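# Reading the structure
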Amino acid sequence: MTAVIELWSGLHPLLQAVIKGLAVIGVMFPFGGACSLIERKVSAWMQGRPGPNRALPFWVAWVPGIGLLQRLGVFHLMADGGKMFFKEDPVPGHVNKFYFYLAPVVGMIPALTTVTVVPFGAYLNEAGKMVPLVLANLDVGILAVFAVSSLGVYALILAGWASNSKYPFLGGIRASAQLISYELSMTLSVLPVFLWVNVPGGNGTLSLFDVVSAQNGAWFGLWMPLSAIVFLVALFAETNRLPFDMAEGEADLVGGFHTEYGAMKWGLFFVAEYSHMLIGSGVFVLLFLGGWNPLPWVPLADVAVWLHLTTQPILLGLLSIGIFLGKALFFIFLFMWVRWTVPRFRYDQVMKLGWQKLLPLAIANLLFYALLIAWIQTRN
Amino acid sequence: MSDTLFIILSVLTVATALLVVLNKNAVNAAMFLLLSLVGLAGLFVLLDAPLLAFVLILVYAGAVVALFLFIIMLLDTTPGRFPAFKPMTIAASVLGAALLALGILSLSERAVLPLPPKAVAVPTMKNYAEQLFTTYLLPVQVVGFMLLIAMLGVIVLSKKYTPEETK
């Protein structure tokens with residue numbers, strides 16, 4: 001195992017960066033595909049039907065136990081993925097070609113970039129200190145996530161505009177208004193968390209790792225429930241998921257901003273949406289649900305001592321990734337659960353909720369916790 | 001490495017900024033503005049100020065340019081429908097450029113710049129916050145107030161007031 005670590009640290013930094021980049025792509029694309037399958041299975045389960053369970057390539061049908069994979073719909077996922085790549089990709093004649101091709105690519109940039117600044121696990125080094133597992137450990141953590149993911153709106157706007165027809169255009173307009181509106185509440189809702197993390201005398205940090213370290217005791221979700229709820233609602237709006245999927249509401253806009261797209265260009269939008277969901281869930285877990293700490297008041301470091309994993313950084317790292325991903329995947333499920341339960345809002349309701357309910361709520365919440373935290377932290 | 005990056009980023013920033021002004025298609029111009037801001041953010045990162053870089057991306061690239069695009073799309077500014085430069089615009093631009101040149105000239109000829117301080121504060125979040133809330137409190141408040149005035153102005157201008165109708 002040490003040989004692998006030595007080999008890795010001996011590589012040129014540029015080569016390391018390329019490998020990390022390829023790893024992000026290699027994880028996010030299959031993840032997007034898997035999510036589309038999970039979405040179909042979850043929707044089927046909610047609606048009391050079996051869902052995709054037929055596809056089975058005849059040349060593997062003899063393998064014993066393959067029936068389970070067949071019933072899980074795994075081969076539908078592969079068939080869908082293959083179809084995305086190989087089907088004809090028609091480009092309508094009336095589009096602005098340059099931006100039409102650019103939009104899905106622009107959508108992928110924030111989706112793949114934000115992954116690099118989100119810590120997804122931790123281990124103990126020789127000195128017994130927690131070290132985060134993250135591709136790029138930035139001090140500005142959460143700000144980087146918000147900044148880069150806010151660029152995701154351009155994919156929707158450009159796709160809507162470049163398609164040069166009515167429904168995509170309306171979708172693009174709605175997307176830009178909605179995403180900018182909910183960004184405000186989202187940013188305000190996380191401020192109490194950072195007010196608490198930045199204790200007086202510290203140097204000031206926005207790092208997500210420090211947020212998790214501050215949750216060795218109570219999780220922020222437990223004593224800042226309103227922050228968590230506002231963040232979650234804004235997250236649904238930011239990721240364009242039902243009940244906020246104004247940009248692609250198929251009942252009134254056909255497919256919204258991606259009406260004119262097909263094949264893999266459309267697939268890229270989908271992968272981007274699912275990776276935004278994963279990143280959003282991950283950030284929510286880090287901020288409010290203790291990250292890789294298994295339970296409130298049970299930090300990972302204690303678990304490492306119980307399981308004698310303090311000298312096994314790789315096993316502990318895998319355990320922490322497992323805990324973190326488990327929580328994040330629950331929120332992916334929550335996204336789907338809500339999608340198949342709650343009907344879509346009207347556009348004016350979405351705007352009203354964002355500006356007249358969520359934003360004042362977030363501001364009041366911030367004021368309350370600012371006073372509370374100032375009182376607690378200056379008491380002694 | 002850092003010098004190469006500086007050259008690449010500054011060329012990107014300046015070239016795209018020029019293209020913003022010279023482009024006739026408003027959507028292209030907005031996209032070039034976006035690129036220019038990204039280049040500027042890169043320059044901030046080179047200056048060891050990642051906080052400023054990400055705030056720039058978050059506020060300007062993420063929200064302001066998106067709103068520009070929103071307005072451009074609503075107004076349908078097809079290229080060629082309006083003359084690119086009106087005489088007044090040209091006069092104002094020339095005047096502005098002349099003033100700017102004069103300013104740079106007087107600065108380079110006459111001004112005595114203070115020496116850079118020996119010890120520079122580490123650009124931590126805490127230092128930013130402390131400076132903003134102590135030394136520069138008044139400018140921050142004034143700028144905030146000016147933005148508020150601009151916002152009120154937009155509300156007043158965009159609302160159509162009708163004289164009170166008899167019911």
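### Some thoughts on the overall build of chain A
Scanning chain A for helices and strands turns up 16 helices and 2 strands. Rg of the C-alpha trace for chain A: 22 Å, near the compact-globule value of 21 Å for 380 residues, within the 12% margin. Along the first, second and third principal axes, the C-alpha set of chain A runs to 70 × 55 × 45 Å. Expressed as a percentage of its 380 residues, the buried residues of chain A come to 48%. When contacts within chain A are restricted to residue pairs at least 6 apart in sequence, long-range pairs at least 24 apart make up 76% of them. On chain A, roughly 18,000 Å² of surface is accessible, and the fraction owed to carbon and sulfur atoms is 71%. Averaging the coordinates of the 21 positive side-chain charges in chain A and doing the same for the 18 negative ones gives two points 8 Å apart.

### Focus on helix 4 (residues 87-109) of chain B
Helix length check: helix 4 of chain B (23 residues) gives 32 Å between terminal C-alpha atoms against 33 Å at 1.5 Å per residue, within 8%. Within helix 4 of chain B, only 0 of the 23 residues are buried, leaving the element largely exposed.

### A word on a nonpolar patch on the surface
A cluster of nonpolar side chains, contributed by B:Phe145, B:Leu148, B:Ile149, B:Met151, B:Leu152 and B:Ile155, occupies part of the molecular surface with about 610 Å² of accessible area. Turning to its location among the elements, B:Ile155 is positioned in helix 6 (residues 137-158).

### A closer look at the environment of A:Val197
Residues and elements named next belong to chain A. Position of valine 197 relative to the elements: it lies in helix 8 (residues 166-197). For the pair valine 197 and alanine 214, spaced 17 residues apart in the sequence, the C-alpha separation amounts to 6.3 Å. Ignoring sequence-local partners within four residues, the contact set of valine 197 consists of Thr205, Asp210, Val211, Ala214 and Phe220.

### Here's the deal with the packing of helix 7 (residues 153-162) of chain A against helix 8 of chain A
All names here are of chain A. Direction vectors running N to C along helix 7 and helix 8 enclose 155°, while the axes themselves pass 7 Å from each other. When the axes of helix 7 and helix 8 are compared, the pair comes out roughly antiparallel. Judged by the sense of rotation from one axis to the other, the crossing of helix 7 with helix 8 is left-handed. In this structure, helix 7 contributes Val153, Leu156, Ile157, Gly160 and Trp161 to the contact, and helix 8 contributes Pro168, Phe169, Gly172, Ala175, Ser176 and Leu179. For the contact of helix 7 with helix 8, the class distribution of residues is 8 nonpolar, 3 polar and no charged.

### Some thoughts on helix 15 (residues 313-339) of chain A
Given 3.6 residues per turn, any residue in an α-helix points the same way as the ones three and four places further on. Residues and elements named next belong to chain A. Here helix 15 is 27 residues long and its end C-alpha atoms lie 39 Å apart, about the 39 Å a rise of 1.5 Å per residue gives. Those residues of helix 15 not exposed but buried are Leu316, Gly317, Ser320, Ile323, Phe324, Lys327, Ala328, Phe331, Ile332, Leu334, Phe335 and Met336. Elements in contact with the buried residues of helix 15: helix 2 (13-46), strand 1 (121-124), strand 2 (130-133), helix 11 (225-238), helix 13 (263-288) and helix 14 (300-306).

### Things to note about the packing of aromatic side chains
Residues and elements named next belong to chain A. Counting across every chain of the model gives 25 aromatic pairs over all chains. Consider the rings of phenylalanine 58 and tryptophan 59, whose centres lie 5.4 Å apart with planes at 90°: the pair is edge-to-face. Each member of the pair, phenylalanine 58 as well as tryptophan 59, is classed as exposed. Taken together, the ring pairs connect Trp45, Phe231, Phe284, Phe288, Phe330, Phe331, Phe333 and Trp337 into an aromatic cluster.

### Details of the domain arrangement of chain B
Examined at the domain level, chain B breaks down into domain 1 (1-78) and domain 2 (122-161). Taking the mean C-alpha position of each, domain 1 of chain B and domain 2 of chain B sit 22 Å from one another.

Rules used in this analysis
Residues numbered from 1 in each chain as written. Chains lettered and ligands numbered in written order. Predicted model: local features only at pLDDT ≥ 70, side-chain atom pairs only at ≥ 80, totals over all residues. Heavy atoms only, no water. Helix = DSSP H or I, 4+ residues; strand = E, 2+ residues; numbered from the N terminus. Rg over C-alpha atoms; globule rule 2.2 N^0.38 Å. Buried < 20%, exposed > 50% of the residue type's maximum accessible area, 1.4 Å probe, protein only. Contact = heavy atoms within 4.5 Å. Areas by Shrake-Rupley, 256 points an atom, 1.4 Å probe, with all protein chains shown as cover. Lys, Arg positive; Asp, Glu negative; His and termini not counted. Charge placed at Lys NZ, Arg CZ, Asp CG, Glu CD. Expected span 1.5 Å × (residues − 1). Patch = residues over 30% accessible without salt bridge, like charges linked within 9 Å, V, L, I, M, F, W, Y side chains within 5 Å. Salt bridge = Lys/Arg side-chain N within 4 Å of Asp/Glu carboxyl O. Axes fitted to C-alpha atoms, helices over the stretch in contact; angles between N-to-C directions. Parallel < 35°, antiparallel > 145°, perpendicular 65-115°, else oblique. Left-handed = near helix turned anticlockwise from the far one by under 90°. Nonpolar A, V, L, I, M, F, W, Y, C, P; charged D, E, K, R; others polar. Phe/Tyr/Trp six-rings, centres within 6.5 Å; stacked < 30°, edge-to-face > 60°. Domains from an automatic or database assignment.

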